[in-house]
Amino acid sequence: MENHRLYLLDSDTSVKTLYSKRDAVLAVSMPRARPGFDTPRMAYLLQPHELEYFVVNQWADAPSRMLGPLLAQTLDQTGSFRAIVLNPSLVSVDLRLDTELVRLQQDFGTKPSRVRFTLRAQLIDVAGKRVIAARVFDETANAIQDDAYGGVIAANQAVQGVLIQLAEFCISESGRRWSGELHPQEINGVPMRHKNGGEMK
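Residues numbered from 1 in each chain as written. Predicted model: local features only at pLDDT ≥ 70, side-chain atom pairs only at ≥ 80, totals over all residues. Heavy atoms only, no water.

> Give a detailed account of the pairing of strand 8 (residues 114-125), specifying residues and quantitative values.
Bridge analysis of strand 7 (residues 95-107) against strand 8 gives 12 bridges, and the strand direction is antiparallel. Note on strand 8: the bridge partner recorded for Q106 is V115. In sequence, strand 7 turns back onto strand 8 through a hairpin of six residues. Note: strand 8 against strand 9 (residues 130-142), 12 bridges, orientation antiparallel. (Pairing = 2+ DSSP bridges. Helix = DSSP H or I, 4+ residues; strand = E, 2+ residues; numbered from the N terminus.)

> I'd like to hear about the confidence of the model for the protein, residue by residue, with values.
On average, the protein scores 86 in pLDDT, and the residues at 70 or more come to 82%. Taken together, the stretch residues 180-201 has pLDDT below 50 and engages in 50 contacts with residues farther than four places along the chain or on a different chain. (pLDDT = per-residue confidence, 0-100. Contact = heavy atoms within 4.5 Å.)

> Pulling in residues and values, what's your account of unusual backbone geometry?
That bond from N87 to P88 is cis: its omega, 5 degrees, falls within 30 degrees of zero. Residue placement: P88 occurs in the loop between strand 6 (81-87) and strand 7. Following K111, the chain continues to P112 via a peptide bond in cis, the omega torsion being -5 degrees. Position of P112 among the secondary structure elements: in the loop between strand 7 and strand 8. Unusually for a residue other than glycine, H49 sits at a positive phi of about 75 degrees. With respect to the secondary-structure elements, H49 resides in the loop between strand 4 (41-45) and strand 5 (51-59). The class for H49 is exposed, based on a relative accessible area of 84%. Not every positive phi belongs to a glycine, and K129 is a case in point at roughly 50 degrees. On the secondary structure map, K129 appears in the loop between strand 8 and strand 9. (Buried < 20%, exposed > 50% of the residue type's maximum accessible area, 1.4 Å probe, protein only.)

> Any chance you could break down the pattern of salt bridges for me, citing the residues and the numbers?
Inspection of the entire model under this criterion finds 10 salt bridges. Of the charged contacts, one joins K111 and D146 as a salt bridge, the two residues approaching to 3.9 Å between their closest N and O atoms. Separated by 35 residues along the polypeptide, K111 in the loop between strand 7 and strand 8 and D146 in the loop between strand 9 and helix 2 (148-174) bring together distant segments of the chain. The exposed category is assigned to K111, whose relative accessible area is 72%. Two residues, R135 and E173, come together in a salt bridge whose shortest N-O distance is 3.4 Å. Taken together, the positions of R135 in strand 9 and E173 in helix 2 put the pair 38 residues apart, joining distant regions of the chain. Residue R135 is classed as partly exposed on the basis of its relative accessible area of 27%. Taken together, the salt bridges that share partners define one network made up of D23, R82 and D94. (Salt bridge = Lys/Arg side-chain N within 4 Å of Asp/Glu carboxyl O.)

> Residue-level account of the environment of L104, with values.
Mapping L104 onto the fold places it in strand 7. Look at L104 and you get buried, because its relative accessible area is 6%. Among all residues touching L104, those that are not within four sequence positions of it are L9, F37, A43, W59, P63, V115, R116, F117 and A155.

> Tell me what's going on with helix 2, and back it up with residues and numbers.
Taking 1.5 Å per residue, 27 residues should reach 39 Å; helix 2 reaches 38 Å between its end C-alpha atoms and fits that length. In terms of burial, helix 2 is a largely internal element, 21 of the 27 residues being buried. (Expected span 1.5 Å × (residues − 1).)

Structure below.
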């Protein structure tokens with residue numbers, strides 16, 4: 001019997017900003033996962049709505065569990081918060097980021113195959129017990145080869161794209177709660193933008 005091949009979700013892009021730091025501690029909750037994606041098994045589609053899994057190839061852990069530290073790492077690199085902690089924590093926090101893995105699947109119904117990654121996020125004002133903002137991030141990436149490893153490379157590209165967007169989301173939306181000024185700098189060379197498409201001023 002062939003041994004399982006284990007793959008990682010990872011991010012090798014440093015996200016750096018020069019934004020004013022908010023005097024706020026942000027807790028990153030461990031992401032939840034929808035049914036079908038709460039497993040280390042690697043999901044793929046041959047036809048719409050029918051989820052299948054590779055037999056030998058799988059993730060080293062459930063993708064939602066690997067995402068938690070990546071979210072915290074990316075947000076910490078922005079330097080925009082007093083501290084980033086993984087929830088649950090004994091530390092008193094001001095904001096909490098809740099996320100849900102909606103899908104992470106390789107679709108072989110297209111040529112080349114492509115991976116779709118969808119993440120739902122909510123930014124919570126902990127003291128005020130209210131949702132500051134919510135958004136669904138959806139990213140696709142074409143596989144360099146139509147097999148499981150090609151899907152792994154594409155999955156990491158899609159995840160990396162969402163991590164950058166999520167960092168922008170947390171920085172811009174937390175400004176509604178904290179009054180620290182945002183200076184018009186960049187995330188990875190891309191100017192921050194309002195939801196209406198205009199650059200942050």
